[in-house]
Each structure stands twice: as C-alpha cells, then as structure tokens.
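What the coordinates show
Listed below are the residues making up each chain.
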Amino acid sequence: MSADSKPNILLAARRWRWWEVVLWAAALASPWALSGHALIINEIAIVALFALSLDLILGYTGIVSLGHAAFFGMGAYSAALFAKHINPDPLVGMAVGIGTATVLGAICSVTIQRGTDLTRLMVTLGVGLILMELANKLDWLTGGADGLQGVMMGPVLGRFEFDLYGQVAAWYSISILLLVFVLARRFVGSPFGATLKAIRDNRLRAMAIGIPVASRLAVAYTVAAAAAGAAGALLAQTTGFASLDVFEFHRSADVMLVLVIGGVGWLYGGVAGALIFKLMQDFISSITPQYWTFWIGLFLVVLVLVGRERLVRPWTWFGSKKNKTGGAA
C-alpha cells in the first residue's frame, strides 16, 4: 500500500453515508414522532453517549476500565451544582461538566501508564469508589445519600423549556450525542486515531516504530473522560437530580454490557448496544420486575456462545460446519 493511499483510507472512513444521515435525522425526530416514549429515548441517548466514551479507550486503545463511572459522576455532580448555585443554563452547565471530567481524566491518565491490564482494571475501579465515598462524606455539598435535590434547569438555547413528557430533554440529549459522535468520529479517523489502533494491536511494536505510547494513551483517556462527563451532565440536567448512584459500580458494568452487545471498535456499537439494552430492560422489567436481570444475563450468554453475527440469523445456528480441510462436516 502506498503512502498516498493511507490518507485516502482515513478520509473514506470519516465520510458520511446516506443511511447514516437518515438514521440521525430519524433519531432527532423521534422525540416528537414517538412522544409517548420520549423518556426512554432520552435514557437511550445518555447510555449511548456513555458507551461511546468507553469505546474510545476499550475499542480503540485496548484499555479495560471498571471505573468509567467516575467521570460520568463527576460530570453529573458538576453540572448539577453549577445549575443550582451559579447558572441554570444547560449549555454552560454542560461545558462545566465536560471541563471537570476532562481535568479528572487527565489526572487519572497517569494511573494507566504502568502495570498490567489487571492492575489498570483495579486502579480504575478504585478511582470510582474513592469519588463515591467523597460524594457521600461531603453531604453539605453533594447532599450525601439523599442526593443533590432542587436542581432547576433553564431553557435550552433560551427558548426550549424542559417539559414533563421529556421531549425537549430527549432532543437535547440526542443533539449532544450527535455532536460528540461527530467529534469522536473525526478523532478516531485521524492519523492520531490510527496510532491508537496500532497501540491496541501491539504496544511493543508501536513503541518500536516511534509512537509515543504514554502520551497517546493519556490523551485518549482524557478525551474519553470528557465524553463520559457529557453523558453524566445530560443525566443530571434532564432529571434535575444527582445522587451517589452515578458513581456506583453497576454504571460501569452496565456500559460494559452495552458494548458487549453492540460491539467494540466501531462507534455505532455503543449506540446499537444502548438501544438494545435499554429496550430489553424496559420490556422485560415490565413483565418480570424482579427477574429481568436473569433474562438479560441469559441473552448475554447466548450472544457470546452463538456470536453477534449469527444471533441475528438463527437459521445458521444448527447448520453444517466445514472441517479443517474445507469439506462438509
């Protein structure tokens, strides 16, 4: 492959296809077209953004994190505190939530520079637990176990008031998701993103050819933290509430499950996984409120055993397999 063809490949990967334009247009119209389901649409958009942020480090750099909820929670509390005590404007609060999560991500990026994958896993989990305990102890600021209540948000762009049906909240969340998706797409489709994939595939080889692995990982981790902070800010702004739940381990575990369902290493994996996960959760919990986690777990087991591609084609589950010599089994 010639050197001139590599930029063309990157440009082709960043080029929008017609079905993507239709997909996002339908997503933006869905809060009004499906007005009775605007609240679940808002939740799907927030989870999709959170999953996209994790995919930036898991799918594109190979960093497994069990404490990604730390940045989600930081964005949520920052946006909620800013709205309650300083300025209720949603966009300014969003910028504050992203900013604080970015700073936290830059600080925590030091912790992933050394050690094995297991060490990084435990360190990221520890950061989330530390922040949750801090939020619990600083009850004079965060509300502690009772949560931060009385958060009133102003209208989006000074015109669109948040309504009880969640239409404006859903539109706002989808718009932020689309904006972050576009930026993330340019990020992973750039030469910088190509170096992240090289680090993911073989870190030693990437170091051998001169890629500054440590700085690349730090930047990717910081960018992912910023995106997670945006998701947390959306949750606090659209619900008017922030609690210790945003730092809980299940947040990190659920978003990992979302990527297992949707797939890692492509940005639509988080969007597709969030859509499937939240719809399944909503549907199954309406039927069996106590045992919905059992059915989600069963689905994940089948997904892993059968495979994502074959799961959508059940007629291939029991078909003939070819042996190693190429003949029919």
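Residues numbered from 1 in each chain as written. Predicted model: local features only at pLDDT ≥ 70, side-chain atom pairs only at ≥ 80, totals over all residues. Heavy atoms only, no water.

Side note on the nonpolar core
- Within the largest apolar cluster, 91 residues are counted, with the highest numbers of intra-cluster contacts made by L49, L56, Y77 and L267.
- Here this core takes 16 residues from helix α3 (residues 38-58), the largest share from any one element. (Core = buried A, V, L, I, M, F, W, Y, C linked by side-chain atoms within 4.5 Å. Buried < 20%, exposed > 50% of the residue type's maximum accessible area, 1.4 Å probe, protein only. Helix = DSSP H or I, 4+ residues; strand = E, 2+ residues; numbered from the N terminus.)

Quick notes on the side chain of S78
- Along the chain, S78 falls in helix α4 (residues 69-85).
- Classification of S78 as buried rests on a relative accessible area of 11%.
- There is a polar contact of 2.8 Å between the side chain of S78 and the side chain of T100.
- Other than its neighbours up to four places away in sequence, S78 contacts V96, G97 and T100. (Polar contact = N/O pair within 3.5 Å; in protein donor to acceptor, adjacent residues only side chain to side chain. Contact = heavy atoms within 4.5 Å.)

Digging into the pattern of salt bridges
- Tallying each qualifying case throughout the model produces six salt bridges.
- A salt bridge links R185 to E20; its shortest N-O distance comes to 2.3 Å. One end of the pair, R185, is in helix α8 (residues 167-188); the other, E20, is in helix α2 (residues 18-33), with 165 residues separating them in the sequence. Summarising the burial analysis for this pair, R185 and E20 share the class buried.
- Between D245 and R251 there is a salt bridge; the shortest N-O distance is 2.5 Å.
- One salt-bridge network, held together by shared partners, links R17, E20 and R185. (Salt bridge = Lys/Arg side-chain N within 4 Å of Asp/Glu carboxyl O.)

What about the packing of α4 against helix α5 (residues 90-108)?
- Relative to each other, α4 and α5 sit at 145°, their axes nearing to 8 Å. For the crossing formed where α4 meets α5, the hand is right-handed. Where α4 approaches α5, its residues A70, F71, M74, G75, S78, A79 and F82 are matched on the opposing element by V92, G93, V96, G97, T100, A101, L104, G105 and C108.
- Split into classes, the residues belonging to the contact of α4 with α5 amount to 10 nonpolar, six polar and no charged. (Axes fitted to C-alpha atoms, helices over the stretch in contact; angles between N-to-C directions. Left-handed = near helix turned anticlockwise from the far one by under 90°. Nonpolar A, V, L, I, M, F, W, Y, C, P; charged D, E, K, R; others polar.)

Brief notes about the packing of helix α9 (residues 191-201) against helix α11 (residues 213-239)
- In the contact formed by α9 and α11, the axes pass within 10 Å of each other and the chain directions differ by 110°. When the axis of α9 is compared with that of α11, the two are roughly perpendicular. α9 and α11 meet at a crossing whose hand is left-handed. Taking contact as the criterion, the partners of F192, T195, L196 and I199 in α9 are, on α11, V213, R216, L217, V219 and A220.
- When its residues are assigned to classes, the contact of α9 with α11 shows seven nonpolar, one polar and one charged. (Parallel < 35°, antiparallel > 145°, perpendicular 65-115°, else oblique.)

Concerning a nonpolar patch on the surface
- A surface patch of nonpolar side chains, about 520 Å² in accessible area, is lined by I130, L134, L138, W140 and L141.
- When residues of the nonpolar patch are traced back to their parent elements, those giving at least two are α6 (117-137) and α7 (139-142).
- Here L138 shows up in the loop between α6 and α7.
- We classify L138 as partly exposed; its relative accessible area is 34%. (Patch = residues over 30% accessible without salt bridge, like charges linked within 9 Å, V, L, I, M, F, W, Y side chains within 5 Å. Areas by Shrake-Rupley, 256 points an atom, 1.4 Å probe, with all protein chains shown as cover.)

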